Amino acid sequence: MTTVSDEATQTSADLCQACIAALIGSQAGITGALVSTVDGFAVAAQVRPPVSGDRLAAMTSSLVALVDAVSQDGGIGEGRDIVVDATAGRLLLMDVPQAGSKLILAVLCDPSATPGQVLWAARRCREHLSDRLPAPGVQELVHER
Amino acid sequence: MAGREFKLVFAGSMGAGKTTAIAAISEIPPIRTDVHNTDVRSHSKATTTTAMDYGEVTLDSGDKLRLYGTPGQTRFDFMWRILAKGAIGVVLLVDNSRPDPLSDVHAYLDAFRETVSSSRAVIGIGRTETHPEPGLDAYYALADEYGISVPIVSVDVRRREDVLLLLNVLFSQIEASLETEEQGAMA
């Protein structure tokens, strides 16, 4: 990721980076994680090549927005967690609520991961970030690179 | 010939008016996927589309159009390719107040080359009242560079009649393209 010059942004990005590093280290089978803005910018990423954090950030943004639209159109409220069950692993997406907005946490797993444990660890990561990220959050600051 | 259904894609840069254009003509409440825009340095809009817009409109002919709007930013180019599948035509919207609107057009002509190259496209230039340059001639010159022949018109996407005119122009292009293809198949 590009170096973040703003001190507050650096602190927020560092916090996200440390949180996803801890998440990845906490459960076998988690191969990568990402925190991104709702409009598709990576705040912090730890993914293995050839996965691109920036590209994953844009794609998760689209996916979350589509699930929100489908959920609301289907009369079941706002979308929450999303699990993509793929042939060689899983992708878990969840909101990280912030004052007035939210971030997105994405977790990539291989087949050896235990879904329930990954979900539990990801929720702890989300709560940790929600509690500690400063309002109004990193969304605007992340562009001061 | 009545009762056909077609998929059309609205493409163009962020703020060009894709969401507005679809909302102006859709018969159903448009489906939107706009979220808080954090990149205010690139554009001052409060929100931005991250997946797609969707609307529907029925023409006087009875043909039903399914309207798909793309996200504008190039980081969402994967959505451009997804939404372009099966589209019979493309409406390319340009914001003439952008710093280099001609350059903006390049990315979208490349991304939608297959549809655009068969002339099933129309280019709508917005905000020409306040930003008359570059003029339409410059856009026609750009289209010539690409070897494509598509209509290029000034448009205010907030006006329903403007957007419908854009679609009528596009449909003339599509009909002509389909006739050419049919003649080619019969030859």
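None of these values were measured; they are calculated from a predicted model. (Residues numbered from 1 in each chain as written. Chains lettered and ligands numbered in written order. Predicted model: local features only at pLDDT ≥ 70, side-chain atom pairs only at ≥ 80, totals over all residues. Heavy atoms only, no water.)

A.B. asks: Describe in detail the packing of aromatic side chains, supporting the description with residues and values.
C.D. replies: Residues and elements named next belong to chain B. Going through the model one piece at a time under the given rule, you end up with 5 aromatic pairs over all chains. Look at Phe6 and Phe171: their rings are 5.2 Å apart centre to centre, the planes differ by 70°, and that puts the pair in the edge-to-face class. Taken together, the positions of Phe6 in strand β1 (residues 5–12) and Phe171 in helix α6 (residues 160–186) put the pair 165 residues apart, joining distant regions of the chain. Among the residues examined, Phe171 registers a relative accessible area of 7% and is labelled buried. Between Trp80 and Phe112, the ring centres sit 6.4 Å apart and the planes meet at 25°, which makes this aromatic pair stacked. Linking Trp80 in helix α2 (residues 77–84) with Phe112 in the loop between α3 (101–111) and α4 (113–117), this pair joins segments that are 32 residues apart in sequence. Phe112 shares its class with Trp80; the two are buried. Each member of the aromatic cluster is reached from another via a ring pair, and the members are Trp80, Tyr108 and Phe112. A cation over an aromatic ring shows up here: Lys7 above the ring of Tyr68, its NZ or CZ 4.8 Å from the ring centre. (Phe/Tyr/Trp six-rings, centres within 6.5 Å; stacked < 30°, edge-to-face > 60°. Helix = DSSP H or I, 4+ residues; strand = E, 2+ residues; numbered from the N terminus. Buried < 20%, exposed > 50% of the residue type's maximum accessible area, 1.4 Å probe, protein only. Lys NZ or Arg CZ within 6 Å of the ring centre and 35° of its normal.)

A.B. asks: Quick rundown of the packing of helix α1 (residues 18–25) of chain B against α6 of chain B? Include the residues and the values.
C.D. replies: When two helices pack together, their arrangement is captured by the angle between the axes and the distance separating the axes. All names here are of chain B. The contact between α1 and α6 brings their axes to 9 Å, and the two run at 95°. Classified by the angle between their axes, α1 and α6 sit roughly perpendicular to one another. Facing α1, whose interface residues are Ala21, Ala24 and Ile25, α6 presents Arg160, Val163, Leu164 and Leu167. In the contact of α1 with α6, the residues fall into 6 nonpolar, no polar and 1 charged. (Axes fitted to C-alpha atoms, helices over the stretch in contact; angles between N-to-C directions. Parallel < 35°, antiparallel > 145°, perpendicular 65-115°, else oblique. Contact = heavy atoms within 4.5 Å. Nonpolar A, V, L, I, M, F, W, Y, C, P; charged D, E, K, R; others polar.)

A.B. asks: Tell me about the interface of chain A and chain B, and please be specific about residues and values.
C.D. replies: Contact residues are listed per partner, giving 20 residues for chain A and 19 residues for chain B. Buried area between chain A and chain B, both sides added, is near 1,600 Å², and the carbon and sulfur share of it is 59%. Connecting chain A to chain B are 2 salt bridges. Close ionic contact of Asp77 of chain B with Arg55 of chain A constitutes a salt bridge, the shortest N to O distance being 3.5 Å. Here the element with the most residues in the side of chain A that touches chain B is helix α2 (residues 53–73) of chain A; it accounts for 9 residues. (Buried area = accessible area lost by both parts, 1.4 Å probe. Salt bridge = Lys/Arg side-chain N within 4 Å of Asp/Glu carboxyl O.)

A.B. asks: A description of the pattern of salt bridges should follow, citing residues and the corresponding values.
C.D. replies: Note that side chains of opposite charge can pair when their charged atoms are close. Evaluation of the coordinates by the stated rule reveals 18 salt bridges over all chains. Measuring nitrogen to oxygen at the nearest pair gives 3.6 Å for the salt bridge that ties Arg126 of chain A to Asp81 of chain A. Of the two residues, Arg126 of chain A is situated in helix α3 (residues 115–132) and Asp81 of chain A in the loop between α2 and β3 (82–86); the sequence distance between them amounts to 45 residues. One salt bridge connects Arg127 of chain B with Asp95 of chain B, and the closest N-O pair in it is separated by 3.0 Å. A residue pair is termed long-range when its members are at least 10 positions apart, and Arg127 of chain B in the loop between β7 (121–126) and α5 (136–146) and Asp95 of chain B in strand β6 (residues 89–95) qualify at 32 residues. Residue Arg127 of chain B is classed as partly exposed on the basis of its relative accessible area, which comes to 38%. Salt bridges sharing common partners tie together Glu5, Glu56, Lys64 and Arg66 of chain B.

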